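Remarks on the overall topology
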Amino acid sequence: DVSASHGFRSVLENQMEDGVRALILDMTAIAYISSMTIGILADFHQRLAKIGGTLILLHCQEKVQDILRMVRLGDRIIPLLDDEVEAMKRARVEA
């Protein structure tokens, strides 16, 4: 989990270094989310927000949605969407 989290953080870092301001992460294959990953998502949400960007999570499994909502991150802070077109619209508007 630790090495996967570091790899995840590295991928997001690279995207930001390349100037990406809107990140849509397809979470389809993610069945569980650790506290470390939650911290990474919160950190990148804040960093993107500071530069006028956005982070959107797409196709979260129910268990992942429940965890994100429990920590008050899902929907209230980071949009959890199932519609790719809506995600793209929001990314364009918010970024």
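Our subject is the structure listed above.
Our subject in this report is the structure included herewith. Every value quoted in this text rests on a predicted model; they were computed, and no experiment measured them. (Residues numbered from 1 in each chain as written. Predicted model: local features only at pLDDT ≥ 70, side-chain atom pairs only at ≥ 80, totals over all residues. Heavy atoms only, no water.)

What links the strands of a sheet is backbone hydrogen bonding, and the strands pair in either a parallel or an antiparallel sense. Taken together, the 3 strands give an open sheet; going across it, the order is β1-β2-β3, and neighbouring strands pair in parallel fashion. In this open sheet, the two edge strands, each paired with only one partner strand, are β1 (22-26) and β3 (80-81). Alignment of β1 against strand β2 (residues 54-58), held across 5 bridges, turns out to be parallel. Each residue of the ladder has a partner; that of Leu23, found in β2, is Leu55. (Pairing = 2+ DSSP bridges. Helix = DSSP H or I, 4+ residues; strand = E, 2+ residues; numbered from the N terminus.)

Looking at the element boundaries, Arg9 is found in helix α1 (residues 2-17). Taking relative accessible area as the criterion, Arg9 reaches 28% and is therefore assigned partly exposed. A C-alpha to C-alpha distance of 8.8 Å links Arg9 and Leu41, two positions 32 residues apart in sequence. (Buried < 20%, exposed > 50% of the residue type's maximum accessible area, 1.4 Å probe, protein only.)

Before going further, it helps to examine helix α3 (residues 62-70). All of the buried residues in α3 are Val64, Gln65, Ile67 and Leu68. Summarising the axial view, the buried residues of α3 lie within an arc of 165 degrees, below the 170-degree limit, and thus occupy one face. Those residues of α3 that are exposed and aimed more than 90 degrees away from the buried face are Glu62, Lys63 and Met70. In the core, the buried residues of α3 are packed alongside α2 (35-50), β2 and β3. A positive phi of about 60 degrees marks Arg72, the residue just after α3. (Arc of directions from axis to C-beta. Contact = heavy atoms within 4.5 Å.)

A separate point is a negative patch on the surface. A contiguous patch of negative charge, built from Asp26, Asp82, Asp83 and Glu84, is present on the exposed surface. Following the sequence through the fold, Glu84 ends up in helix α4 (residues 84-94). Of the residues examined, Glu84 reaches a relative accessible area of 48% and is grouped as partly exposed. (Patch = residues over 30% accessible without salt bridge, like charges linked within 9 Å, V, L, I, M, F, W, Y side chains within 5 Å. Areas by Shrake-Rupley, 256 points an atom, 1.4 Å probe, with all protein chains shown as cover. Salt bridge = Lys/Arg side-chain N within 4 Å of Asp/Glu carboxyl O. Lys, Arg positive; Asp, Glu negative; His and termini not counted. Charge placed at Lys NZ, Arg CZ, Asp CG, Glu CD.)

Everything listed here is a matter of geometry and, on its own, says nothing about what the molecule does.
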